[in-house]
Every structure is written in structure tokens, then in C-alpha cells.
Amino acid sequence: MTEERRVHLSRSAPPAYQALSAFSKTVGSLAAEGGIDARLKELVQIHTSQLNGCAYCVRVHVERAGKEGITPDVIAQLPVWRESGVFSERERAGLELAEAFVFIHEEGVPDDVYNRVGTILSEQEYVALSWILVSINAFNRIAIAGRYSVPPRDDLDGEDRDAASGAAW
């Protein structure tokens, strides 16, 4: 099997990637100020990346989640969060909103989702979480379009070291 070569957007247009990275850091500050804790932030980014099919970003955010003390059991429950008992009401609201942002092309954020999430999260939390979701969806699209490699964990040579270290976003 031959390896397909794709343009690596972050390397091919560093100023654009640096701008997105700076945007993401602004979003991270907004999230912290808005009361979005690291656990919720990582959970929604993993779930968004799973739904978008971005193995690259799943790996990056699972690694960060582990550093935040999120257990493999909790991460394994993300695809079945509605049936799982390991997520708080706030986390469930965040995961539901994450799904709405992934499938935003279908009907925007549906009124029932918006209203339900709005009874759980404050406006400031909703805004901060929404910007996190905008950011991770953008990163997912860059990695998916470029088919960024996801080698076995013991071989990070094929990965973008900035992303692996958390320096990119």
C-alpha cells in the first residue's frame, strides 16, 4: 500500500495556522473566564473529534484529558454518553451542544437543544463552550483534509510535535 501525500495545511501556510492557534488560545482564555473547566473542555473536544472522524485530534485531546485526570473509563463512555452515568448534567449539556455544532449544517442549533442547554449553562458558559466547539471543528477540518497521520503511540515521528505537546491549541 502506498502512502498518499496531501498538503499539510499547518506547514504550508504557517501564518494562517498561527492565526488559528492564536484564536484557539483566546478561546481557551474565554473558556477559563467563562467557567468551563478543563474536564468539560476536553470531553467536548474529544467527542466532537470522534463525531467528525478526526483521529488526529482525538489522540491529542485524549492525551490532554489524561493529564487532567480524566480516566480511560470516562473517555470510553463518550460515544454512549446518553446511556452512561459517568457524566454530570453540565457535561451532558456540553456533549449535546457539541453534537449540535458538528451537525450544524442540518438545522443549526435546534431550539430544543438550545433551550435545554440554556437551562443548565449560563449565557457566559454557553458562549465560551460554543467558541471551543467552533475552534475544535476548525482544527478537525484541517487534520481531516490533510489526512494527518496517526501512527502507533510509540512512534510520534509522523505527528505534528506542536499538537502532540499541546503547543498548537
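In this report, we go over the structure that sits alongside the text. It should be emphasised that the depicted structure is a prediction, and the values quoted were computed from it without experimental measurement.

### Side note on the overall build of the chain
When helices and strands are tallied, the chain shows ten helices and zero strands. When the elements of the chain are put in sequence order from the N terminus, they spell out α-α-α-α-α-α-α-α-α-α. Classification of the 169 residues of the chain by burial places 44% in the buried group. In the chain, the proportion of contacts linking residues at least 24 apart, taken out of those at least 6 apart, comes to 74%. In the structure as shown, the chain presents an accessible area of about 9000 Å², 55% of it carried by carbon and sulfur atoms.

### Description of the environment of Y17
By secondary structure assignment, the location of Y17 is in helix α2 (residues 14-33). Residue Y17 is classed as buried on the basis of its relative accessible area, which comes to 11%. Counting along the chain gives 125 residues from Y17 to I142, while the straight-line C-alpha distance between them is 9.3 Å.

### Concerning the pattern of salt bridges
As enumerated under the stated definition, the model contains seven salt bridges in all. Across the pair R116 and D112 runs a salt bridge whose closest N-O atoms are separated by 3.6 Å. Of this pair, R116 and D112 both sit in helix α8 (residues 111-120), four residues apart, roughly one helical turn. On the basis of relative accessible area, D112 is assigned to the partly exposed category, the value being 44%. Taken together, the salt bridges that share partners define one network made up of D37, R90 and E125.

About the thresholds
- Residues numbered from 1 in each chain as written.
- Predicted model: local features only at pLDDT ≥ 70, side-chain atom pairs only at ≥ 80, totals over all residues.
- Heavy atoms only, no water.
- Helix = DSSP H or I, 4+ residues; strand = E, 2+ residues; numbered from the N terminus.
- Buried < 20%, exposed > 50% of the residue type's maximum accessible area, 1.4 Å probe, protein only.
- Contact = heavy atoms within 4.5 Å.
- Areas by Shrake-Rupley, 256 points an atom, 1.4 Å probe, with all protein chains shown as cover.
- Salt bridge = Lys/Arg side-chain N within 4 Å of Asp/Glu carboxyl O.

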